[in-house]
Amino acid sequence: MTGTGQSTAPPPAPGGADERLLRTSPLRRLLGRPELGSIVGAVAVFLFFSVVASSFLQLSSFGTVLYAASTIGIMAAPVALLMIGGEFDLSAGVMVTSSALVSSMFSYQMTANVWVGVFVSLLVTLAFGAFNGFMLTRTKLPSFIITLGTFLMLTGLNLGLTKLISGTVSTKAIGDMWGFDSAHALFASQLTLGGVELKVTILWWLGLVAVATWILLRTRFGNWIFAVGGDESAARAVGVPVIRTKIGLYLGVAFAAWVSGQHLLFSFDVVQSGEGVGNELTYIIAAVIGGCLITGGYGSAIGSAVGAVIFGMTSKGIVYAEWNPDWFKFFLGAMLLLATLLNTWVRKRAEATT
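A brief look at the structure comes next. Not measured: the values here are computed from a predicted model. Just so you know, the residues in each chain are numbered from 1, in the order the chain's sequence is written. For a predicted model such as this one, the threshold for reporting local features is a pLDDT of at least 70, and the threshold for listing and counting side-chain atom pairs is 80 or more; totals across whole chains, interfaces and linings nevertheless cover every residue. Side-chain metrics rest on all non-hydrogen atoms present in the structure, leaving aside hydrogens and water.

## Focus on the overall build of the protein chain
The helix count covers DSSP runs of H or I at least four residues long, the strand count covers runs of E at least two residues long, and both are numbered beginning at the N terminus. Across its full length, the protein chain carries 14 helices and 2 strands. A burial count over the protein chain gives 46% of its 354 residues as buried. Taking contacts inside the protein chain between residues at least 6 apart in sequence as the whole, the part at least 24 apart equals 75%. To sort residues, take the accessible area from a 1.4 Å probe on protein chains only and compare it with the maximum for the residue type: under 20% means buried, over 50% means exposed, and anything in between is partly exposed. We call two residues contacting when some pair of their heavy atoms lies within 4.5 Å.

So, in structure tokens, the structure goes:
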């Protein structure tokens, strides 16, 4: 109160801004991004191989690295979303092979247009994903156990059914069947851009990352994913459809496995039934390098793409440097540890500045 008995109003905030709104500095926003650590790692890997391998910087090498990254990144994006939701899928690698086998064998045995096999494969692969999600939500068992069981079953089915139907461990060639050329164009073709040959899988990869990022940041389903991964009980208490969210995430992994499977088939015309074993760990590692937490509730699809690029640069950089490719596993393990430590440090710095 003043001497005249009137109250003095507080001065307005500069520029008319509401003082109740929390201002976030650009540095704080940057430190809060889950993919920051992986971007730093990608720059370091790029600079390293640029120095030790002269051919690494050639335009042709650029296309090769991106192709290697895309074959991992197509699966890493939905796997990242699944991990943000707090779950794993150990069957993702063999599911890719299962998708290719179903498409090839159905087309060949039914003597139909290959597109019939492609769409049957889509339905079957989505059924695998739905099975994982249904079993997880109904049995309450850890996703590690559920998808490990699916991994073993699919591995056995891939080998057993291929031998039973084809008589060998590989499928019959379908390159001369109707529809093969158009399917090849969609799943396994390449285009030339600026003198660089780029596989169509790069477009699939970028498209899936864009869709996954939009889902996470711009949709209600994205909020559900973070909520379920952060605290499932709390998410359920506030009305988040936990069961629907988790089944949807497994369907997303299955769809990406179908895309990768069709690329595998239409790139090589035949499929080996034993392929895909071990790739599931590669997808998970790419997501972790990209900033996803094992415990769920944190990560990004963009980070998974950066993790896939690191994979591509390392796998091809070792070849261009003319090193023994056996060293790839060593670099892979080192990158995983360093990226995890860096991501943890970045998160702690981000939390300390809030």
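What follows continues from the structure just given.
## Focus: helix α5 (residues 114-139)
How far a helix is expected to stretch is found by multiplying one less than its residue total by 1.5 Å. In this model, α5 (26 residues) spans 37 Å end to end at C-alpha, consistent with the 38 Å of a helix rising 1.5 Å per residue. Here α5 has its buried residues at Val114, Gly117, Val118, Ser121, Leu122, Thr125, Gly129, Asn132, Gly133, Leu136 and Thr137. Against the buried residues of α5 lie α4 (92-109), α6 (143-166), α7 (180-187) and α11 (242-268). Each polar contact in these results corresponds to two N or O atoms within 3.5 Å; when the atoms are within protein, one needs to be able to donate a hydrogen and the other to accept it, and residues that are neighboring in sequence are counted only if both atoms are side-chain atoms. Residue asparagine 113 occupies the N-cap position of α5, its side-chain oxygen lying 2.9 Å from the main-chain nitrogen of tryptophan 115.

## Structural notes on the packing of helix α3 (residues 59-84) against α11
Here, axes are lines fitted to C-alpha atoms. For helices the fit covers the stretch in contact, and angles between N-to-C directions go from 0 to 180 degrees. Relative orientation of the contacting elements α3 and α11 amounts to 165 degrees, with a least axis distance of 7 Å. The orientation of α3 relative to α11 falls into the category roughly antiparallel. Seen from above, α3 lies across α11 with left-handed handedness. Contacts between α3 and α11 involve Tyr67, Thr71, Ile74, Met75, Pro78, Val79, Leu81 and Leu82 on the former and, on the latter, Leu249, Tyr250, Gly252, Val253, Ala256, Ala257, Val259, Ser260 and His263. Residues that form the contact of α3 with α11 fall into these classes: 13 nonpolar, 4 polar and no charged. Convention used here: angles under 35 degrees read as roughly parallel, angles over 145 as roughly antiparallel, angles from 65 to 115 as roughly perpendicular, and any remaining angle as oblique. When the near helix sits turned anticlockwise from the far one by under a right angle, the crossing is termed left-handed; a clockwise turn instead gives a right-handed crossing. Residues are grouped as follows: Ala, Val, Leu, Ile, Met, Phe, Trp, Tyr, Cys and Pro are nonpolar; Asp, Glu, Lys and Arg are charged; every other residue, Gly included, is polar.

## A look at the pattern of salt bridges
Only one rule defines a salt bridge in this text: a Lys or Arg side-chain nitrogen within 4 Å of an Asp or Glu carboxyl oxygen. Enumeration over the complete set of coordinates arrives at 3 salt bridges. When the shortest N-O distance is used, the salt bridge between glutamate 232 and arginine 236 registers 3.2 Å. With glutamate 232 and arginine 236 both in helix α10 (residues 232-237) and 4 residues apart, the pair spans about one turn of that helix. When its relative accessible area of 39% is taken as the criterion, arginine 236 is described as partly exposed. Between glutamate 232 and lysine 246 there is a salt bridge; the shortest N-O distance is 2.7 Å. Residue glutamate 232 is found in helix α10, and its partner lysine 246 is found in helix α11; the two are separated by 14 residues along the sequence. Residue glutamate 232 is classed as partly exposed on the basis of its relative accessible area, which comes to 29%. When salt bridges with common partners are traced through the structure, they connect Glu87, Glu232, Arg236 and Lys246 into a single cluster.

## Some words on a nonpolar patch on the surface
On the surface, a cluster of nonpolar side chains totalling about 620 Å² of accessible area is made up of Phe48, Val51, Val52, Trp323, Trp327 and Phe330. When residues of the nonpolar patch are traced back to their parent elements, those giving at least two are α2 (36-52) and α14 (327-352). Note that phenylalanine 48 resides in helix α2. Patches draw on residues past 30% relative accessible area with no salt bridge. Two like charges within 9 Å are joined, as are two nonpolar side chains (Val, Leu, Ile, Met, Phe, Trp, Tyr) within 5 Å. Every accessible area reported is derived by Shrake-Rupley at a probe size of 1.4 Å, with residue values counting cover from the shown protein chains alone.

## Some thoughts on the side chain of serine 170
Among the secondary structure elements, serine 170 is positioned in the loop between α6 and α7. Judged by its relative accessible area of 17%, serine 170 falls in the buried class. Serine 170 has contacts with Thr162, Val271 and Gln272, leaving out every residue within four places of it along the chain.

## Quick word on the pairing of strand β1 (residues 190-193)
By this definition, two strands are paired if DSSP reports at least two bridges between them. Relative to strand β2 (residues 196-199), β1 runs antiparallel, the two sharing 4 bridges. Looking across to β2, one finds that threonine 192 is bridged to glutamate 197. Joining the antiparallel neighbours β1 and β2 is a turn of 2 residues, in which glycine 194 adopts a positive phi near 60 degrees.

## Re the nonpolar core
Within the largest apolar cluster, 81 residues are counted, with the highest numbers of intra-cluster contacts made by Met75, Trp205, Phe266 and Phe311. With 14 residues, α3 is the single largest residue contributor to this core. Those residues in contact with phenylalanine 266, other than ones at most four positions away along the chain, are Val114, Val118, Ile174, Phe180, Ala183, His184, Phe187 and Ala188. Grouping buried Ala, Val, Leu, Ile, Met, Phe, Trp, Tyr and Cys residues that are joined through side-chain atoms within 4.5 Å yields what is termed a nonpolar core. In terms of nonpolar packing, the next biggest core, distinct from the first, is built from 5 residues, Trp224, Val228, Ala235 and Val240 among them.

## Some points on the packing of α2 against helix α13 (residues 301-320)
The N-to-C vectors of α2 and α13 enclose an angle of 15 degrees; their axes lie 9 Å apart at closest approach. Between α2 and α13, the interaxial angle falls into the category roughly parallel. You can see that α2 and α13 cross each other, and the crossing is left-handed. Listed contacts from α13 to Ser38, Ile39, Gly41, Ala42, Val45, Phe46 and Phe49 of α2 are Gly303, Val306, Ile310, Met313, Thr314, Gly317 and Ile318. For the contact of α2 with α13, the residue count by class is 9 nonpolar, 5 polar and no charged.

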